[in-house]
Amino acid sequence: MERRRKGEGNVRVVDVETGEEVPISHKVPIGPNHPILKEPLRIKLAVRGEEVVDCKVEMGYCHRGIEKIMEGMPWQKAAFLAERVCGICSHAHNMCFVGGVERVAEGEPAPRGLFLRVLVQELDRIQSHLIANAAYFYSIEHETMFVWNMNTRERVLDCIEEITGNRILTGWNVVGGVRVDVTEEQLERVLETLEEVREDVKTYRRIAQTDPLIKLRSRGVGVITREHVRRYRVVGPQARASGVPESDMRLQEPVYPELGFKPVSRRRGDNLARILLRYDECLQSIDLIERIVDELPEGEHRRELEIRGGHVDNRVEAPRGELVYDMEISPGGVVRRVTIRTPSVPNIRVLEAIAPGCPSIADAVATYASLDPCVACNERFVVVDERRGKVLYEGRAREVIRACSRTT
Amino acid sequence: MRSLLERLKGFVRSRSIHVTVVNTGGCNGCDIEILACYTYRYDLEQYGIYYHNNPRKSDVLIVTGPVTYQWREKLKRLYRKVPEPKAVVAVGACACSGGIFNQNGGRVCGPVREVIPVDAEVPGCPPRPEEIVSAIVEVVPRLFRSWESRRGEADGAEA
């Protein structure tokens, strides 16, 4: 049954089929600080008893004005800022920004650099998926799986540290390649660690598939249909769990076709399918990394490129889905304007459609966690009038940039 | 001179600490490093520190990220909700100084210490879990152990 909201401020829920107002008993605000939320966000639920009738997501607590700070910065500084849009998928942001600058530059980046970049990107994807699944298991109070997932993630972070020198914000990509080269011994150690990670991930996938308690909480809850995918533009593992494998942007990226990459997908689209799909992708990433190490081209890891400047639109498959950097670069590599579209915006918005089917409030919260939300990613599209505390613009990036330039 | 009861209270308080983590607009990097403190490798819970996230029942507020304008009043309100004795630990370069966002064009209102009183600061972008654990383990019990005597001084000064 489809329902829609009517009116601006008050929560009034009207049934589309019958036209009658649905009675609600309580409004439950969750956030901005809540045990389940890693980041500030407010979810407003309208409930009747335990049943969730309506849901509204309120964002804007993390707005820092990154796009505005980036204007007028040389790429050497802006790459670090791009990384700090989001701490979990930081490498994807860095890679997307640097890749965009390379597309308006003379000459080709070093092939070895591109392969190494993809290698770290896949390691980043594994750790991001593991933390997403850990957050989901924490939200359904399965703390054993939470701690196991986090422990395995530590091993993946060791691999990232082995290659790049830092655990989270690596600063690894530069225009023309990567910052430092790797040695054979480093790659061997990474592969050894990943062998253990593979066994762990297989165990977790088996447990998630067979455990009756996880199945009770996850099977059939928060189903994203293909219609939802189309309407809300859901991207990433969330869309692939609903049977849309072609949403994977890795099919259009430079290195992946050489590795024989094929996206995985599942059909059910519920919480359990999303969790299992992330484990599938972890295993797929480990396979990809092994192939990268086999086919790693010899030669330099970095080339000097001359940046012509121009308008560029670069897309990368971040761990959460399609990430877009729409940039204007001036000759020499100074950023004139940048618009970032992160995958978490549609992925969180779809909660407004799927939460009203949840049997209880706890399931709505678990559904939110299963969408792998990343609030720090989102919050650039909001302009807030600080005197009145009102949101002026939300959503359209270009309008917001214009409004920001007016206010500051 | 502290009485036995005061010393006992201080000892008990310093051995059982509940923690609330607040992200006031950071990039998440510090949050997941704090989360990593709960894995077996670092294991914050062996020191009696429990990740709670309910401000009304916690002793320590860990703040990450620069304070955005939307958070300024809410953070003050959150700080008032934490019962005495309380301590605030600012984790990360953003929480200590505003970091990379505290420059021309950034919509943040500066470091955490300009909004609420801060007891310890852990610099780094993001700091490693070892550093976060050592900061909490070093500073926080010391604050709670001496709180009974400090409370007496503060009351005396007011009178």
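Residues numbered from 1 in each chain as written. Chains lettered and ligands numbered in written order. Predicted model: local features only at pLDDT ≥ 70, side-chain atom pairs only at ≥ 80, totals over all residues.

## With respect to the interface of chain B and chain A
No. 1: At the interface, 36 residues of chain B touch 36 residues of chain A.
No. 2: Sorting the residues of the side of chain B that touches chain A by element identifies strand E1 (17-23), helix H2 (29-36) and helix H3 (69-81) of chain B as the ones contributing at least two each.
No. 3: Per-element accounting of the side of chain B that touches chain A gives the leading share, 6 residues, to H2 of chain B.
No. 4: Its residues assigned to classes, the side of chain B that touches chain A comprises 17 nonpolar, 13 polar and 6 charged. (Contact = placed C-beta atoms within 7 Å. Helix = DSSP H or I, 4+ residues; strand = E, 2+ residues; numbered from the N terminus. Nonpolar A, V, L, I, M, F, W, Y, C, P; charged D, E, K, R; others polar.)

## Describing the environment of Pro55 of chain B
No. 1: Tracing the backbone through its elements, the reader meets Pro55 of chain B in the loop between strand E2 (49-51) and strand E3 (60-64).
No. 2: Look at Pro55 of chain B and you get partly exposed, because 19 C-beta atoms sit within 10 Å.
No. 3: Between the C-alpha atom of Pro55 of chain B and that of Pro66 of chain B, which follows or precedes it by 11 residues, the distance is 19 Å.
No. 4: Beyond its immediate chain neighbours, meaning those up to four positions away, Pro55 of chain B contacts Asn33 of chain A together with Thr20, Leu78, Lys81 and Val82 of chain B. (Buried ≥ 20, exposed ≤ 12 C-beta atoms within 10 Å, placed from the backbone.)

## What to know about helix H4 (residues 111-139) of chain A
Residues and elements named next belong to chain A.
No. 1: An ideal rise of 1.5 Å per residue puts 42 Å on 29 residues; H4 measures up with 42 Å between its terminal C-alpha atoms.
No. 2: Of all 29 residues making up H4, 28 are buried, and the element is well covered by its neighbours.
No. 3: A positive phi of about 65° marks Glu141, the residue just after H4. (Expected span 1.5 Å × (residues − 1).)

## So, the sheet that holds strand E12 (residues 321-330) of chain A
Residue and element names in this part refer to chain A.
No. 1: Strand order in the open sheet formed by 3 strands is E11-E12-E13, and the pairing between neighbours is antiparallel. Strand pairing shows two members of the sheet lacking a second neighbour, strand E11 (310-318) and strand E13 (334-341), which therefore form its edges. Here the average twist between neighbouring strands, direction ignored, is 20°.
No. 2: Judged from the 9 bridges that link them, E11 and E12 form a sheet pairing that is antiparallel. Bridging across to E12, Ala318 finds its partner in Gly321.
No. 3: On the sheet, helix H3 (residues 90-103) packs against E11 and E12 and is oriented at approximately 150° with respect to E11. (Pairing = 2+ DSSP bridges. Axes fitted to C-alpha atoms, helices over the stretch in contact; angles between N-to-C directions.)

## Some words on the nonpolar core
No. 1: Counting residues in hydrophobic clusters, the biggest one holds 162 residues, and the most contacted among them are Ala78 and Val101 of chain A together with Ile62, Val89 and Val91 of chain B.
No. 2: Considering every element that reaches this core, the biggest residue donor is H4 of chain A, with 16 residues.
No. 3: Leaving out residues up to four positions away in the same chain, Val101 of chain A has contacts with Trp75, Val175, Ile307, Ile329 and Gly333 of chain A. (Core = buried A, V, L, I, M, F, W, Y, C linked by C-beta atoms within 7 Å.)

## What to know about the pairing of E13 of chain A
All names here are of chain A.
No. 1: Inspection of the sheet shows E12 paired to E13 by 7 bridges, in the antiparallel sense. Following the sheet pairing, Asp326 is matched in E13 by Thr339.
No. 2: Once E12 ends, the chain turns through 3 residues before running back antiparallel as E13, passing Gly332 with a positive phi of about 100°.

## Let's talk about the domain arrangement of chain A
Residue and element names in this part refer to chain A.
No. 1: Its domain assignment divides chain A into domain 1 (3-61 + 345-373), domain 2 (63-107 + 306-340 + 394-408) and domain 3 (109-304).
No. 2: Listed by partner, the interface residues are 17 residues for domain 1 and 21 residues for domain 3.
No. 3: Listing elements by their share of the side of domain 1 that touches domain 3, those giving two or more residues are helix H11 (344-349), helix H12 (351-354) and helix H13 (361-370).
No. 4: If you tally residues by element for the side of domain 1 that touches domain 3, the top one is H13, at 6 residues. (Domains from an automatic or database assignment.)

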